[in-house]
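Given next are the chains, with one letter for each unit.
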Amino acid sequence: MSIPVTITLNSIVGSPGPFNLYSNTDSYTTPFETGVLLTSLQNGYGTSLVPNGTTSIKIKSTNGSCNYEIIKSITGIPTPTPLPTITPTPTTTPTNTPNVTIDPTKYYYAMGDCTDMKYSGYTSTVTGFGPPIVVPVCMNFQEIADFYANNNWAVTTLTIDDNAPCGFGSGYTAPVIAQSTTSYANETVFSVGGNCWSIIEANPIYITGWTINLDTYSPYVGSNPCYDCTNANFTGFTYYQYTAAKCSDGSPVYTYSIIPYLPGGSEFNYENGDVLYLANHDINGNITEKFCATITGYVGAYTGPTWSDGIYSWPVGPLTCGGPYIDGCSNIECITGRTDCLDNNTIDGGGGTSGTSGTSGTSGTSGSSGVNYATNVASITFETTNTQSPGGECPNAQGAYYNSYIYSVTFTFKDSGGNPVVPNGVVEYRTGDGLNNSYGSFATLNYNGSSTYSSNYQYEDIGICGGGLTSYKDSVQFRVNNTTILLTYIAGD
């Protein structure tokens, strides 16, 4: 893995150069970059070709009339941490010695572990021979995780309603027995020793002992007590740090993920070359910049400063609000921006790479005058060429999942007769959120002299996660004058 470095020569006598760059990893034997100009080094030369493990760089002139060389140490290199070992957190069962004294005046309850609670939902499978096949399901967190790890998302999607518990399933064996002087109904939940327990059976037969005295605890109050109790102490994920390079100028940045880098071990972690849309957050959680960047490497667990939205903690710095399904730095989102980035527990309304606030679009009356619009385009049609359903885990509720869809769409420009045509002038577009009908500013579309234009658009049903998150549908509008929208496309519609 290479590391991004900026090299600067501050004071030079004479006119040496061009230069070759060498790493101490091979005792400055083979240059990792050649022909670098003096002006580039004086202005601060950025390179991402520095071999991993380099701590100093030799800068050597190849000009025979000026034998100049200097060795510079690299400062500010992040120290990679060993790849963390993922160890499932075991369920903690109360460890007090079972009490074998059974009091016939007391109530006894079989208690189910809330992490085993199942929730209702359905799968939807596309066959290509009619409407999707919808099958009701009842799954616990582990079964949902297994489904996400092994499912073919191009064919089948999963929707789970966390507000619709459907029990522990047939054949479930209660891990513990509780005693109480109070009568409680089934599904009453108690938080005991950091675990959440739900009554699944009152006065079960063949009791030989008990381990929890419910008289010292109060029932957990909530509309969905098992789920609410399980997530009550969850304040945020462990974040892992990745290195990246800005699409605009290649300058090095960091980004973060709740998934560590596990080669071949996780379909959700980032890989080198993935392009992400990032929003940089300051210590107050405010967005200061938005941009696209390409993943270049992995550092390890993040232990730096964080900001809080009042519920969860987030890393200070660039957070992902699009990708890794962006198809390269030239993607339309990298040019016009996104409007769904988390900004101190709100969704920002901005489009564009500078991170400034966008404005709600109307019918397109804000177009610039004097634009040489295409005059031969009368209509625009679209065709969805591919659909993916990657899904994702809620960023604010571990073990909860949402659906997402990525649509590959081709737009065709047509003349008044309905025939494909290459525009003879400017076609403008703007992107936004189709669910909220909010859009950024219009920009000139680069259709590369073709009668078609293709891009990817995403729909994320992340609003089901709660916590201030909002579902969104990517949308794009096209026009060839400053008064009329020719086409509004909304992802999935």
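Residues numbered from 1 in each chain as written. Predicted model: local features only at pLDDT ≥ 70, side-chain atom pairs only at ≥ 80, totals over all residues. Heavy atoms only, no water.

## Considering the pattern of salt bridges
- Here the structure, examined in full by the defined rule, presents 4 salt bridges.
- A salt bridge links D103 to K106, with the nearest nitrogen and oxygen atoms 3.9 Å apart.
- Given a relative accessible area of 24%, D103 falls into the partly exposed group.
- For K106, a relative accessible area of 24% corresponds to the partly exposed category.
- Between K246 and E289 there is a salt bridge, with the nearest N and O atoms lying 2.8 Å from each other. Placement of the pair is K246 in strand 15 (residues 240–246) and E289 in strand 18 (residues 287–301), with a sequence separation of 43 residues.
- Look at K246 and you get buried, because its relative accessible area is 15%. (Salt bridge = Lys/Arg side-chain N within 4 Å of Asp/Glu carboxyl O. Buried < 20%, exposed > 50% of the residue type's maximum accessible area, 1.4 Å probe, protein only. Helix = DSSP H or I, 4+ residues; strand = E, 2+ residues; numbered from the N terminus.)

## Here's the deal with the sheet that holds strand 7 (residues 107–113)
- Taken in spatial order, the 5 strands make up an open sheet running 12-13-7-11-14, and their pairing is mixed. Looking along the sheet, the strands with just one partner apiece sit at the ends: strand 12 (189–192) and strand 14 (212–213).
- In terms of strand pairing, strand 7 meets strand 11 (residues 176–180) through 5 bridges, oriented antiparallel. Looking at strand 11, one finds that Y109 is bridged to A178.
- Most of the contacts of helix 3 (residues 225–232) go to strand 12, to which it runs at about 20°, and overall it touches strand 12 and strand 13 (195–202). (Pairing = 2+ DSSP bridges. Contact = heavy atoms within 4.5 Å. Axes fitted to C-alpha atoms, helices over the stretch in contact; angles between N-to-C directions.)

## Quick word on the confidence of the model for the protein chain
- Here the protein chain shows a mean pLDDT of 76. Residues at 70 or above account for 77%.
- Every residue in residues 91–96 scores below 50 in pLDDT, and together they form 12 contacts with partners more than four places removed in sequence or on other chains.
- In the predicted structure, residues 344–369 sits below a pLDDT of 50 and forms 83 contacts with residues beyond four places in sequence or in another chain. (pLDDT = per-residue confidence, 0-100.)

## Things to note about the state of the cysteines
- Going through the model one piece at a time under the given rule, you end up with 4 disulfides.
- Note on cysteine connectivity: C138 is disulfide-linked to C166, with sulfurs 1.9 Å apart. The chirality of the disulfide connecting C138 with C166 is right-handed, given an S-S dihedral of about 105°. Of this pair, C138 sits in strand 9 (residues 133–139) while C166 sits in strand 10 (residues 156–167), and the two are 28 residues apart along the sequence.
- In this structure C166 comes out as partly exposed when scored by relative accessible area, which is 29%.
- With a sulfur-sulfur separation of 2.0 Å, C196 is cross-linked through a disulfide to C229. On the sign convention where negative means left-handed, the S-S torsion of about -85° between C196 and C229 marks this disulfide as left-handed. Of this pair, C196 sits in strand 13 while C229 sits in helix 3, and the two are 33 residues apart along the sequence. The two residues C196 and C229 agree in class, both being buried. (Disulfide = S-S within 2.5 Å.)

## Section: the environment of A232
- Position of A232 among the secondary structure elements: in helix 3.
- Considering only alpha carbons, one finds A232 and S191, 41 residues apart in sequence, at a separation of 10.0 Å.

## Quick word on the sheet that holds strand 3 (residues 31–36)
- The strand order across the open sheet formed by 4 strands is 3-2-5-6, and the pairing between neighbours is antiparallel. The strands lining the two open edges of the sheet, one partner per strand, are strand 3 and strand 6 (69–73). Going across the sheet, the axis of each strand differs from the next one's by a mean of 20°, ignoring polarity.
- Here 5 bridges tie strand 5 (residues 56–61) to strand 6, and the two strands are oriented antiparallel to one another. Within strand 6, the position partnered with K60 by the bridge is E69.

## Overview of the environment of G250
- Counting through the fold element by element, G250 comes out in the loop between strand 15 and strand 16 (252–257).
- On the accessibility criterion, G250 (36% relative accessible area) is partly exposed.
- Residues G250 and T47, 203 residues apart in the sequence, show an inter-C-alpha distance of 7.9 Å.

## Overview of the packing of aromatic side chains
- Under the definition given, this model contains 17 aromatic pairs.
- Residues F382 and Y489 carry aromatic rings whose centres are separated by 4.9 Å and whose planes lie at 70° to one another, so their mutual orientation is edge-to-face. Taken together, the positions of F382 in strand 24 (residues 379–388) and Y489 in strand 33 (residues 487–490) put the pair 107 residues apart, joining distant regions of the chain.
- Classification of F382 as partly exposed rests on a relative accessible area of 35%.
- Given a relative accessible area of 2%, Y489 falls into the buried group.
- A cation over a ring is seen here: K473 above Y459, with NZ or CZ 4.8 Å from the ring centre.
- It is R479 that lies over the ring of F442; its NZ or CZ is 3.8 Å from the centre. (Phe/Tyr/Trp six-rings, centres within 6.5 Å; stacked < 30°, edge-to-face > 60°. Lys NZ or Arg CZ within 6 Å of the ring centre and 35° of its normal.)

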